[in-house]
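Examining the three-dimensional arrangement
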Amino acid sequence: MKLTQKTLNNIKYVSMKDYLKNVESYESIEDKMKYTTRYLLSHGGHED
């Protein structure tokens, strides 16, 4: 699957389990890195 700008804009941190499930759907290392960066930055360091 290709990572789109729309998907990037809608990424929200849920859990590391959610992250692992979703990151594997992207084929290219570039898309995986973009997804990872946005996912972790959306966490914002807040404990829920």
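This text goes with the structure placed above it.
A brief report on the enclosed structure follows. (Residues numbered from 1 in each chain as written. Predicted model: local features only at pLDDT ≥ 70, side-chain atom pairs only at ≥ 80, totals over all residues. Heavy atoms only, no water.)

Time to look at the overall build of the protein. From N to C terminus, the protein includes three helices and zero strands. Scanning the protein from its N terminus toward the C terminus, one meets helices and strands in the order α-α-α. Viewed in the frame of its principal axes, the protein has a C-alpha envelope of about 30 × 20 × 15 Å. When the 48 residues of the protein are sorted by exposure, 23% land in the buried category. The contacts of the protein with a sequence gap of at least 6 include a subset with a gap of at least 24, amounting to 66%. Of the roughly 3,800 Å² that the protein leaves accessible, carbon and sulfur atoms contribute 56%. Across the protein, the 8 positively charged side chains and the 7 negatively charged ones have centroids separated by 6 Å. (Helix = DSSP H or I, 4+ residues; strand = E, 2+ residues; numbered from the N terminus. Buried < 20%, exposed > 50% of the residue type's maximum accessible area, 1.4 Å probe, protein only. Contact = heavy atoms within 4.5 Å. Areas by Shrake-Rupley, 256 points an atom, 1.4 Å probe, with all protein chains shown as cover. Lys, Arg positive; Asp, Glu negative; His and termini not counted. Charge placed at Lys NZ, Arg CZ, Asp CG, Glu CD.)

A few words now on helix α3 (residues 29–43). With 15 residues, α3 ought to run about 21 Å at 1.5 Å a step, and its terminal C-alpha atoms sit 21 Å apart, in line with that. The complete set of buried residues in α3 reads Asp31, Tyr35, Thr36 and Tyr39. For α3, the angular spread of the buried residues around the axis is 130°, confining them to a single face. For α3, the exposed residues lying more than 90 degrees away from the buried face are Ile29 and Leu41. Looking at the packing, one finds that the buried side of α3 touches α1 (5–9) and α2 (16–23). (Expected span 1.5 Å × (residues − 1). Arc of directions from axis to C-beta.)

On to the packing of aromatic side chains, then. Think of a pair of aromatic rings as described by two things: how far the centres are apart, and how the planes are tilted against each other in angle. The tally for this structure, following the rule as stated, stands at five aromatic pairs. Pairing Tyr26 with Tyr35 gives two aromatic rings, centres 5.4 Å apart and planes at 40°, and the pair type is tilted. Across this residue pair, the class does not change: Tyr26 and Tyr35 are buried. Following the ring pairs from residue to residue traces out a cluster consisting of Tyr13, Tyr19, Tyr26, Tyr35 and Tyr39. (Phe/Tyr/Trp six-rings, centres within 6.5 Å; stacked < 30°, edge-to-face > 60°.)

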